[in-house]
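Letter by letter, the chains look like this.
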Amino acid sequence: MYFKALTPRLALCLALFGLTFACGDASEDHANDDPVSASDPCDPTDTSDGSDPSTTSNFSPNDLLHHVGHEIILPTYAAFETAANELVTSLDAYLTDLEVGNDAVDSLAQARTTWSSTMIVWQQAEVYQVGPSASRQALELAVGAMGLRNEIYSWPTVNSCRVDQEILEAAYTNTDFFDQELTNVYGLDAAEYLLFYHEADNTCPPLVPINSQGTWNQVSQEDLQQKRAEYVHAVATNIHDRAIELHNAWKPNSGNFVNDFATAGQPGSLYVTTEEALNDLSDALFYVEKDVKDFKLAKPAGILGCQNVSCPNDVEARFSRVSKENIIANLEAAQKLFLGAAPGEDAPGFDDFLREKDPSDIADTMGQNLEQAIQAAKEMDGTLYEAALTLTREECEAGNDPICNTYYTLKNFTDDLKTRFVEVLELQLPLEASGDAD
């Protein structure tokens, strides 16, 4: 939200006053020569010059970009860098416990808790995939894309069986491991599996060599625990390094991408036009359409991409069971981007941009629908995994099931996002969303 300033009409009046041409002192000889000139610039209700006070403001797209870059994205990356460092510290303690022969129960529990809190911070950053964090494999390459998001978190591109194979190979100790391997064996998703799945078996099919050749069963449970701990420590250290890289890429005293973003369309910026930056930011907001609505909600609820009544194993955080918390963090981050700040605070956001372009109720409607989706997710009892287990098709179609209720409530927001939002702001619909017929 953003307060509107003086209208041009009132500013003109004040300027005239400063030049001693007081309002109402115009020459009567010319007062009625032209109907337009008969208008009174001191009367805020007089719109005879063609302007509309309800749509006139000092809103600037560059103000929006400056605010989002400096007050939303940069602080989120700074918080994630701190959280990633805390994750490494907690794993230092866990690894030390194992090395000296302690049972490591408490340090493992602390490491799991720290991973969950780190993930919540990252789930906010997930919605801000602009510039260096944006994918290099996207159908439309974002300005400044370095692919750092996938280096930190590659979901839904995950493969726990590949992680199991890497546990035995122990190549994670090699300095070039993270350069040589695919992202599905490292990042926050792999760390989750290594921290939360401590069963004696693995998740590979019987024909995979670690099973068919019996190499997995040759490893003792103590060695398996030690290898998992060493692996996740290496993964967390790499996550922290990438967090520093991402933060530095945006920091004013380093890569300073925040300045390119804020000054889009101005000389020196990587963005040739302001529209390029606004489109990249709009594309980032579409995370709630494809990733949250379709992947995180529709798939486990059996609405899309699931052959059964529901697919609990397709929840995002299958092993830690923090899927619901991730979704809430995603939606609250999207809300901050849409409003420019948390609800109740004033700052330039997409809602102000919408009001600038269209004084109808579109901004308020979208804001209300997004808030209702957040509340629907928060009201879900238990975990998302548990909700998917007990889901019935009848309850889902009626919108009574908690996952489906969240899905359909969020759809009210994303339907407007794909249509009225991009039309009013004259933005491009992301290619990933252009073929979505739901």
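Being a predicted model, the structure only gives us computed values, none of them experimental.

About the cut-offs
Residues numbered from 1 in each chain as written. Predicted model: local features only at pLDDT ≥ 70, side-chain atom pairs only at ≥ 80, totals over all residues. Heavy atoms only, no water. Axes fitted to C-alpha atoms, helices over the stretch in contact; angles between N-to-C directions. Helix = DSSP H or I, 4+ residues; strand = E, 2+ residues; numbered from the N terminus. Parallel < 35°, antiparallel > 145°, perpendicular 65-115°, else oblique. Left-handed = near helix turned anticlockwise from the far one by under 90°. Contact = heavy atoms within 4.5 Å. Nonpolar A, V, L, I, M, F, W, Y, C, P; charged D, E, K, R; others polar. Buried < 20%, exposed > 50% of the residue type's maximum accessible area, 1.4 Å probe, protein only. Lys, Arg positive; Asp, Glu negative; His and termini not counted. Salt bridge = Lys/Arg side-chain N within 4 Å of Asp/Glu carboxyl O. Polar contact = N/O pair within 3.5 Å; in protein donor to acceptor, adjacent residues only side chain to side chain. pLDDT = per-residue confidence, 0-100. Phe/Tyr/Trp six-rings, centres within 6.5 Å; stacked < 30°, edge-to-face > 60°.

Colleague: Hey, could you run me through the packing of helix α13 (residues 323-339) against helix α15 (residues 362-378) in this one?
Modeller: The geometry of a pair of packed helices is captured by two quantities: the angle between their axes and the separation between those axes. As a packed pair, α13 and α15 sit with axes 9 Å apart at the nearest point and diverge in direction by 160°. One finds that α13 runs roughly antiparallel with respect to α15. The way α13 lies across α15 gives a crossing that is left-handed. Taken together, the residues of α15 that come into contact with α13 (itself represented by K324, I328, L331, E332, A334, Q335 and F338) are A363, M366, G367, L370, E371, A373, I374, A377 and K378. When grouped by side-chain class, the residues that make up the contact of α13 with α15 number 10 nonpolar, 2 polar and 4 charged.

Colleague: Explain the side chain of E192 to me, please; I cannot follow it from the model alone.
Modeller: Inspection of the secondary structure puts E192 in helix α7 (residues 188-196). There is no salt bridge for the buried E192, and the closest opposite charge comes from R321, which lies 7.4 Å off by N-O distance. Side-chain polar atoms of E192 contact the backbone nitrogen of F319, separated by 3.1 Å.

Colleague: Sorry, what's going on with the confidence of the model for the chain here?
Modeller: Keep in mind that low pLDDT regions are not for reading the predicted coordinates in detail. Per-residue pLDDT for the chain averages 88, and the proportion of residues at 70 or more is 86%. Long-range and interchain partners of residues 2-55, a stretch whose pLDDT sits below 50, account for 42 contacts in this model, where long-range means more than four residues apart.

Colleague: Hey, could you run me through the packing of aromatic side chains in this one?
Modeller: Aromatic rings considered in pairs are described by the distance between their centres and by the relative angle of their planes. Inspection of every chain in the model, using the stated rule, returns 18 aromatic pairs. Their ring planes at 80° and their centres at 4.9 Å tell us that Y407 and Y408 sit as a pair that is edge-to-face. Here a set of aromatic residues connected by ring pairs shows up, and it is made of Y77, W250, F257, F261 and Y271.

Colleague: It is not clear to me how helix α5 (residues 160-169) should be interpreted in this structure. Could you clarify?
Modeller: Note on helix geometry: an α-helix contains 3.6 residues per turn, so any two residues three or four positions apart are oriented the same way. What α5 keeps buried is the set C161, V163, D164, Q165, E166 and I167. Looking at the buried side of α5, the elements it contacts are α6 (177-180), α7, α8 (209-212) and α9 (221-250). Between the side-chain oxygen at the start of α5 and the backbone nitrogen of C161 there is a gap of 3.2 Å, and the oxygen is on N159. The positive-phi residue at the C-terminal boundary of α5 is A170, with phi of around 55°.

Colleague: What am I meant to see in unusual backbone geometry here?
Modeller: The general pattern is negative phi for most residues beyond glycine and trans for most peptide bonds. Of note, the bond from W155 into P156 is cis; its omega dihedral lies within 30 degrees of zero at 10°. In this structure, P156 sits in the loop between α4 (148-152) and α5. We note that N256 has phi near 60°; this positive angle belongs to a residue other than glycine. Its identity is not glycine, yet E426 carries a phi of approximately 55°, on the positive side. Note on placement: E426 falls in the loop between α18 (402-424) and α19 (431-434). On the basis of relative accessibility, which here comes to 61%, the residue E426 falls in the exposed class.

Colleague: Any chance you could explain the pattern of salt bridges here in plain terms?
Modeller: It is possible for side chains bearing opposite charge to pair when their charged atoms get close. A full pass over the atoms with the stated rule returns 17 salt bridges. Close ionic contact of R242 with E151 constitutes a salt bridge, the shortest N to O distance being 3.3 Å. Of this pair, R242 sits in helix α9 while E151 sits in helix α4; the two residues are 91 residues apart in sequence, bridging distant segments of the chain. For R242, a relative accessible area of 16% corresponds to the buried category. In this structure, the salt-bridge partner of D361 is R420, at a minimum N-O distance of 3.6 Å. Here R420 lies in helix α18 and D361 lies in the loop between α14 (350-357) and α15, a separation of 59 residues in the sequence. Overlapping salt bridges, with partners in common, bring together E289, K290, K293, D294 and K418 in one network.

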